[in-house]
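Each chain, letter by letter, is given below.
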Amino acid sequence: MDWLRAHPGLFLAAVGDHLLLSLTGLAIGIALALPLGIAVAHRPRLAEASIMLGGALRTIPSLAVLAALLPLLGVGFTPSVIALALLALPPVLVNTVIGIRSADPAALDAASGLGMTGTQRAMQVEMPLAAPLIFSGLRVAAVQVVSAAALATFIGGGGLGDLVTQGLALLDTGRMLVGAIAIAMLALGTEAALGMLERHLAARVRGA
Amino acid sequence: MIEIEGLTKRWPGADRASVENVSLIVPEGTSCALIGPSGSGKTTLLRMVNRLVEPSAGTIRIGGEDARAIDATALRRRIGYVIQEVGLFPHWDVAANIATVPTLLGWGRARIRARVEEVLALVGLDPARFATRRPHELSGGERQRVGVARALAGDPPVLLMDEPFGAVDPVQRGLLQEEVLRLLRQLRKTVLLVTHDVAEAVRLGDAVALLREGRLVQHAPAAEMLARPADGFAAEFLGADRMLLRLALFPATTLPVHAKPAPGAALPEGATLRDALAHMLSAGATAAPLPGGGSITLADLLAFAGGEGSRA
């Protein structure tokens, strides 16, 4: 805590970097995975393939992704963001596909039968019904990215991980702990906030 | 009016057509029940009318207009659609669900609100209590009523119903059948209905069309089909109790009234010949008393059933 009192600027800069890294990576991951999921959800074979691929990608440890990108993209902010985007991809992709595929077929049949166009049906019925699961994918991705962003320090991406590695190198326990606790709090906070939103959304869509 | 001519659906890769060369007409303001064993093509036939399934051959005319010449979504907005699972949109309240077609048709807000209240009342649900409820807050029977209200909201001349009461418990089902029957008659809708339940078919359908393996076996008024099945398959499908089902289609007053009183309490108003027979069986009598006085006799009932039924 002494360290925090002495270096509030450094700490806030690290938090800022961390959030910027996470949000950029998450945004790119979502921007790729969501349309991809929507595109493959109605093609049974591609959908199955993407669910399997997503599952396989999820098992690769975050650090391995970062390390694998190092020789390809070098060090710094951009490769870190790309690595985080890759981490965000599988949960969003898998949940988008599953969410769309689990939308009540009777509601979809009724939507078509009552004369909705394909777009109206997708926007007014299918996506709202898929929303809780898609959002749950976003939550998992966000928590994973916020945690994994702590590892960006290993490829020079900055963020709160820097405080931990510096603390370790300088044997500065205060600095290390502030970094570690802040990372944990960010991850827990993300989970709690998005989890609450998710339950709210599920209640609005499904009732119950 | 629904006119179906030479309608055929052949799915790619299937060894026989799902629906083959079916022609039938549902006159304006009447209902026709499609029945048949599962796999007989009745649902496919129904879904070709609003082009959820595109026909391989044949024509469909709705009110004289070629259904295949109109844009499919525009066509569907003019045809009410009710399915067994109802398919209410769980994220919308009852009012929004019912407003689906009016909204698609671009009606004004005030007109939509008035129409929602109107159709809710038609299906026997109090608008004040139900308009803002969500589908998960409704019972099975209420959900099905909202489904019917949603199908009626755009005031379509034609209604398609696929096993509309299949998911409702037996007590509710009888009640719903009765009310919907009365409602559709009153609104003079032209209805094509799919069911696997013979009793429901003859109750709801002015005419019944029996399908087997995609082909039309028989298409006749309900009472006539029960009395004279076209072949062994039809007789078997309609069941051994078909003559009892048939008696339920005629009011007790169909028979000549005898002045002589009969034992037991009078039949209720609107009782059918089947009720009269049941009354005689339970009273152990050969006559049943009518509500307005007088009675009908077993001999007349048998003569009616036999005379109409065995004349082939």
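Residues numbered from 1 in each chain as written. Chains lettered and ligands numbered in written order. Predicted model: local features only at pLDDT ≥ 70, side-chain atom pairs only at ≥ 80, totals over all residues. Heavy atoms only, no water.

Trainee: Tell me about the overall build of chain B, and please be specific about residues and values.
Mentor: The helix and strand inventory of chain B stands at 14 helices and 12 strands. The buried share of chain B, taken over its 312 residues, is 52%. The contacts of chain B with a sequence gap of at least 6 include a subset with a gap of at least 24, amounting to 63%. With an accessible surface of roughly 13600 Å², chain B has 53% of that area assigned to carbon and sulfur atoms. (Helix = DSSP H or I, 4+ residues; strand = E, 2+ residues; numbered from the N terminus. Buried < 20%, exposed > 50% of the residue type's maximum accessible area, 1.4 Å probe, protein only. Contact = heavy atoms within 4.5 Å. Areas by Shrake-Rupley, 256 points an atom, 1.4 Å probe, with all protein chains shown as cover.)

Trainee: Talk me through the overall build of chain A; I want residue IDs and the actual numbers.
Mentor: Scanning chain A for helices and strands turns up 9 helices and 0 strands. Ordered by position from the N terminus, the helices and strands of chain A form the series α-α-α-α-α-α-α-α-α. Principal-axis analysis of the C-alpha atoms gives chain A an extent of 70 × 40 × 25 Å. Here chain A holds 208 residues, and 45% of them are scored as buried. Roughly 9900 Å² of accessible area belongs to chain A as shown, and the carbon and sulfur atoms make up 73% of that amount. Mean positive and mean negative side-chain charge positions of chain A (11 and 10 charges, respectively) differ by 6 Å. (Lys, Arg positive; Asp, Glu negative; His and termini not counted. Charge placed at Lys NZ, Arg CZ, Asp CG, Glu CD.)

Trainee: Summarise the UniProt feature "transmembrane region" (unreviewed entry) in chain A; cite the residues concerned and give the values.
Mentor: Residues and elements named next belong to chain A. Mapped onto this numbering, the UniProt entry annotates "transmembrane region" (unreviewed entry) at residues 20-41, 53-75, 81-100, 129-156 and 176-197. For residues 20-41, the end-to-end C-alpha separation is 31 Å, with 100% helix and 0% strand making up the annotated structure. The span residues 53-75 is 83% helical and 0% strand by assignment, and the distance between its end C-alpha atoms comes to 27 Å. (UniProt positions renumbered as here; feature names shortened; annotations may be inferred.)

Trainee: Go over the sheet that holds strand β9 (residues 207-212) of chain B with me, naming the residues and quoting the values.
Mentor: Residues and elements named next belong to chain B. Taken together, 6 strands build an open sheet; the order of strands is β6-β7-β8-β3-β9-β10 and the sheet is mixed. Of all strands in the sheet, those bounded by a partner on one side alone are β6 (79-83) and β10 (215-221). Averaged over neighbouring strand pairs, the angle between their axes works out to 15° when direction is ignored. The sheet contact formed by β9 and β10 spans 6 bridges and is antiparallel. Each residue of the ladder has a partner; that of V208, found in β10, is A220. Of the strands in this sheet, β6 and β7 (158-162) are in contact with helix α7 (residues 140-152), which crosses β6 at around 165°. (Pairing = 2+ DSSP bridges. Axes fitted to C-alpha atoms, helices over the stretch in contact; angles between N-to-C directions.)

Trainee: Summarise the pairing of β7(B); cite the residues concerned and give the values.
Mentor: Residue and element names in this part refer to chain B. Burial runs high along β7: 5 of the 5 residues are buried. Residues V158, L160 and D162 point to one face of β7 and L159 and M161 to the other, with burial holding for every one of them. Sheet analysis places β6 next to β7, joined by 5 bridges and oriented parallel. By the bridge assignment, V82 is partnered in β7 with M161.

Trainee: An account of the side chain of B:D162 is needed here, citing residue identities and associated values.
Mentor: All names here are of chain B. Mapped onto the fold, D162 is located in strand β7. A polar side-chain atom of D162 sits 3.3 Å from a polar atom in the side chain of T43. Residues contacting D162, with those up to four places away along its chain left out, are T43, L46, V82, I83, Q84 and V194. (Polar contact = N/O pair within 3.5 Å; in protein donor to acceptor, adjacent residues only side chain to side chain.)

Trainee: How would you explain the packing of aromatic side chains if you had to name every residue and give the values?
Mentor: Evaluated as defined, the whole model comprises 3 aromatic pairs over all chains. Sitting over the face of the ring of B:F130, B:R133 holds its NZ or CZ atom 4.6 Å from the ring centroid. (Phe/Tyr/Trp six-rings, centres within 6.5 Å; stacked < 30°, edge-to-face > 60°. Lys NZ or Arg CZ within 6 Å of the ring centre and 35° of its normal.)

Trainee: Quick rundown of α7(B)? Include the residues and the values.
Mentor: Compared with the 18 Å implied by 1.5 Å per residue over 13 residues, the 19 Å span of α7(B) between its first and last C-alpha is a close match. Buried residues of α7(B): B:G141, B:E142, B:Q144, B:R145, B:V146, B:G147, B:V148, B:A149, B:R150, B:A151 and B:L152, and no others. (Expected span 1.5 Å × (residues − 1).)

Trainee: Can you break down the confidence of the model for chain B residue by residue, with the values?
Mentor: Taken residue by residue, chain B gives an average pLDDT of 91. The fraction at 70 or more is 98%. Both confidence scores are given for the complex: pTM 0.84, ipTM 0.86. (pLDDT = per-residue confidence, 0-100.)

Trainee: Can you tell me about the nonpolar core, naming the residues and giving the values?
Mentor: All names here are of chain B. By size, the foremost hydrophobic cluster in this structure holds 50 residues, and its most contacted members are I98, L120 and M161. Ignoring anything within four residues of it in the chain, the contact list for M161 reads L46, V82, V148, V180, L184, V191, L192, L193 and V194. V26, M48, Y81 and L211 belong to the second-largest nonpolar core, a separate cluster that totals 29 residues. (Core = buried A, V, L, I, M, F, W, Y, C linked by side-chain atoms within 4.5 Å.)

Trainee: I'd like to hear about unusual backbone geometry, residue by residue, with values.
Mentor: All names here are of chain B. A positive phi angle, near 65°, is found at V86, a position not held by glycine. Among the secondary structure elements, V86 is positioned in the loop between β6 and α3 (94-98). According to the relative accessible area criterion, V86 is buried, its value standing at 8%. The residue D155 is not glycine, and still its phi comes out positive at about 50°.

Trainee: How would you sum up the pattern of salt bridges? Please name residues and give values.
Mentor: Counted by the stated rule, this structure contains 16 salt bridges over all chains. Where A:E48 meets A:R101, a salt bridge forms, and the shortest distance between an N and an O atom there is 3.0 Å. Of this pair, A:E48 sits in helix α3 (residues 44-59) while A:R101 sits in helix α5 (residues 77-101), placing them 53 residues apart in sequence. For B:R78, the salt bridge identified is with B:E65, shortest N-O distance 3.0 Å. Pair noted here: B:R78 is in the loop between α2 (72-77) and β6 and B:E65 is in strand β5 (residues 65-66), with a separation of 13 residues, a long-range link. For B:E65, a relative accessible area of 38% translates into the label partly exposed. Connected through shared salt-bridge partners, A:R139, A:E191 and A:E198 make up one network. (Salt bridge = Lys/Arg side-chain N within 4 Å of Asp/Glu carboxyl O.)

Trainee: Mind laying out the confidence of the model for chain A, listing which residues take part and the relevant values?
Mentor: The predicted model of chain A averages 89 in pLDDT, with 99% of residues at 70 or higher. The element-level mean pLDDT for chain A is lowest in helix α1 (residues 2-6) of chain A, coming to 80, with helix α6 (residues 105-113) of chain A highest at 95.

Trainee: Would you mind going over the side chain of B:T297 in detail, with residue names and values included?
Mentor: Tracing the sequence through the fold places B:T297 in strand β12 (residues 295-297). Contacts of B:T297, omitting those with residues within four sequence positions, involve B:L255, B:H258, B:M280, B:T286 and B:A287.

Trainee: Please provide a residue-by-residue account of the environment of A:P35, values included.
Mentor: Residue and element names in this part refer to chain A. Residue position: P35 is located in helix α2 (residues 8-41). A relative accessible area of 44% means that P35 is categorised as partly exposed. On a C-alpha basis, the gap between P35 and T96 in space is 8.9 Å, while along the polypeptide they are 61 residues apart.

Trainee: Can you break down the interface of chain A and chain B residue by residue, with the values?
Mentor: On the side of chain B, 23 residues touch chain A, which itself brings 22 residues to the contact. Here chain A and chain B share an interface that buries about 1700 Å² over both sides, 65% of which is from carbon and sulfur atoms. Sorting the residues of chain A by area buried against chain B places A:D109, A:G113 and A:L114 first, and these three jointly supply 33% of that buried surface. At the surface where chain A touches chain B, the tally comes to 1 salt bridge. Connecting chain A to chain B are 8 residue pairs in polar contact (both at pLDDT 80 or more). For the side of chain A that touches chain B, the secondary-structure elements that each account for two or more residues are α6, α7 (118-148) and α9 (173-206) of chain A. Take the side of chain A that touches chain B: its biggest share by element is 7 residues, from α6(A). (Buried area = accessible area lost by both parts, 1.4 Å probe.)

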